[in-house]
Amino acid sequence: MAFLMLLYVFAYITAWTFTIDMNEKVSSDKFRGAAVQDAINQMSEATASSFLDVSGHYAFYKINGFASYENSTLKYDPTDEMKYINSSFFSLLMNGSSGDFEDSSGNQVFLNYTELENETYTFPAFIRAANRTLSQAGLELRNANISNYSLEQVDHLSFNLSAKIDFEIHDRLSSISVSRSYELFQILDVSGMPDPLVLRETRMILASGAVGADFNISYKPMFYSPESIADLAPKHIIQNAAVLNGTQGQGFFYGPAVSVDDASSIVENRSDYILVGNFSDIIAYVNYTHFGAYILTSHVEEVDPDLSNWNCGDEEDETFVQIKYQSFHCRQCGRPCTSACGEDTFCDDMIINPDSKGNTIVVENTGVGTCVSGETYDKVDGCKLKFNYDTHKPFIVSENLSVDSLPIGPGSKRYVLFIASSSSEAVHAVENDESNVSAKLGPASLFNIEELRDAVVCTNYYFSERAPSYPRRLSSQALDAGIISPFGIESMLVGRWAGGDYLPSYEPYSRVDFEFFNMQDGIKIRGMPGCKNPVMCSKPVGDEAPLGHFRVSSDSIDLWSLENISCDNGLAGCD
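Residues numbered from 1 in each chain as written. Predicted model: local features only at pLDDT ≥ 70, side-chain atom pairs only at ≥ 80, totals over all residues. Heavy atoms only, no water.

**Q** Before we go on, may I ask you to explain helix 3 (residues 83-95) in this structure?
**A** Quick reminder: α-helices carry 3.6 residues per turn. Residues three or four places apart thus point the same way. Compared with an ideal rise of 1.5 Å per residue, which puts 13 residues at 18 Å, helix 3 spans 18 Å between its outermost C-alpha atoms and is within 8% of the ideal. When helix 3 is considered as a whole, its buried residues turn out to be Tyr84, Ile85, Ser88, Phe89, Phe90, Leu92 and Leu93. In the segment just after helix 3, Gly96 is the residue with positive phi, at about 70 degrees. (Helix = DSSP H or I, 4+ residues; strand = E, 2+ residues; numbered from the N terminus. Expected span 1.5 Å × (residues − 1). Buried < 20%, exposed > 50% of the residue type's maximum accessible area, 1.4 Å probe, protein only.)

Dropping the structure here:
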């Protein structure tokens, strides 16, 4: 009986132990299966994409920085702009090292990650980091591989990265394994990175020693604008569906406009402002001479002078530089001469020309000559042109202009650029010259240049096939002429380092980036930094003109449609 009881107990214990073992095995299998599933969740497509995003941007950052030095530029093939970016990018991603760079003599140069960068931004490091995590759960990542990878430029500062990632996850007993394959696509954007061309060239200029004491290298960030260059062209100002123009004036001026009614609100830097109103209201304002320029909105009155026996033409009122006439009587040797007078003998009295209306205008009076015996004298009534010199400052007449119709610019102020046909100096040059009337009475134009100024001051990048693309900006061929790129970009340079008092020797050059570093001569542009009015345009570079004078080449004038505001178009002068 005791033996039977013992067998029963033993059988019971054996069954109980077997049951426990089976439960443990099932639980263990479930645990390993759950652990593998959790690992798959961690090694998801999103995780792999995140790795490519971070490591890809870092590779671009390293390439960009390395190529910003003269002796480590990226190689370049104009027939395949992406050739060396592709090679360098994936070498860094896979190995943390690239030999796709060259010095100024064409010798190969290597870009190598540091040990820390190798353990952070390469694919092998990504796998090692994943295995350190998986090993805690008794799992291992095996046969991980990147294939079918490519980098394609899809926009001016954007690249499409595609790659296939394969891997397997095993438990330590190799009883459970799972394989996965991901087709990944990632957009990599280099916007905001410093322009390697500008960095490299300013480093070279600094090393040359031809700079001012405060000159420094320029970390000019790249931000691409989708606007076309054609959209930035100066635009005639429209009011009530009509183009606003002026009927007369002198000089040119860019700045915020303020009406006479609001003029008292301007207490500082009045010389930067354009005062707008009718002539009577402007000159009645006690501080009107403090302002830099004027737009007269009233009709210029023509007054017929009360002169006897002859007509000198209409005089003016309600405008600056008023046309006036002065009458006089004089004598001239008669014509034709008498028989007693030699055929070529005449009095050297005066030269008389008619004006545009046929009126008698004395251009030069040299004094009364002496007639020979028998010659007669004729009495001549004449008139002499005079100006009422109210101002030498820039002004135009644009009737009925409203300040509210002008474009909004910095500080929510209303800005305008106006350009008269002639400079103040041309209008005032010779008082007794009838041509001065034509100089003053030439038409004037009003322009909205706010979009253009934003493009220049913000130094955004714009599409231009003639300009170096981003891949080319990484290379020593960045400034080579004759290369056409479907992703070419150009930008403007503004600052004391760009032809201003930190780099005065570059003052004459175009401010288009690649033209500037190629030392291509430029033409001043009205309304731009350093050239907002004739006084600013004529200042010497230095303390008086710290930014220098904004210029672009004749080619850039055509591309950017700046003909109407460039200083070589024969209108009011800039020097």
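Once the structure has been displayed, the description carries forward.
**Q** What am I meant to see in the packing of helix 2 (residues 45-66) against helix 3 here?
**A** To characterise two packed helices, one gives the angle between the axes of the helices and the distance between these axes. The interhelical angle for the contact between helix 2 and helix 3, taken along N-to-C directions, is 120 degrees, at an axis separation of 9 Å. With respect to their mutual orientation, helix 2 and helix 3 come out oblique. Between helix 2 and helix 3 lies a crossing whose hand is right-handed. Side by side, helix 2 and helix 3 meet where Phe51, Leu52, Ser55, Gly56, Ala59, Phe60 and Ile63 of the first sit next to Ile85, Ser88, Phe89, Leu92 and Leu93 of the second. Taken together, the residues that form the contact of helix 2 with helix 3 break down as nine nonpolar, three polar and no charged. (Axes fitted to C-alpha atoms, helices over the stretch in contact; angles between N-to-C directions. Parallel < 35°, antiparallel > 145°, perpendicular 65-115°, else oblique. Left-handed = near helix turned anticlockwise from the far one by under 90°. Contact = heavy atoms within 4.5 Å. Nonpolar A, V, L, I, M, F, W, Y, C, P; charged D, E, K, R; others polar.)

**Q** Hey, could you run me through the sheet that holds strand 4 (residues 139-153) in this one?
**A** Strand pairing in a sheet takes place through backbone hydrogen bonds and is either antiparallel or parallel in direction. The antiparallel open sheet is built from three strands, whose spatial order is 4-5-6. One side of each edge strand has no neighbouring strand; the edge strands of this open sheet are strand 4 and strand 6 (177-189). Each strand axis lies, on average, 15 degrees off the axis of its neighbour in the sheet, ignoring direction. As judged from the 13 bridges shared by strand 5 (residues 158-171) and strand 6, these two strands associate in the antiparallel manner. Bridge pairing links Lys164 to Glu183 in strand 6. Each of strand 4, strand 5 and strand 6 is contacted by helix 3, which is oriented at about 165 degrees to strand 4, the strand it contacts most. (Pairing = 2+ DSSP bridges.)

**Q** Quick question: what am I supposed to make of the pairing of strand 12 (residues 252-259) here?
**A** The side chains of a regular strand alternate, first on one face of the sheet and then on the other. Counting buried residues along strand 12, eight of its eight residues qualify, which places the element largely inside the surrounding structure. Sheet topology places strand 12 next to strand 22 (residues 415-419); five bridges connect them, and they run antiparallel. Bridging across to strand 22, Pro256 finds its partner in Tyr415. Across three bridges, the pairing between strand 12 and strand 13 (residues 274-277) is parallel. Along strand 13, the bridge assignment pairs Val258 with Leu275.

**Q** In this structure, what is going on with the state of the cysteines? I would like to understand it.
**A** Working definition: the covalent bond between the sulfur atoms of two cysteines is a disulfide. Under the criterion given, the structure shown has two disulfides. Residue pairing for Cys567: its cysteine sulfur links by disulfide to Cys574, the two sulfurs lying 1.8 Å apart. When the S-S torsion is -90 degrees, as for the bridge of Cys567 with Cys574, the disulfide is left-handed. Across the pair, exposure class does not vary: Cys567 and Cys574 are buried alike. (Disulfide = S-S within 2.5 Å.)

Note that all results are geometric; they support no functional claim without further evidence.
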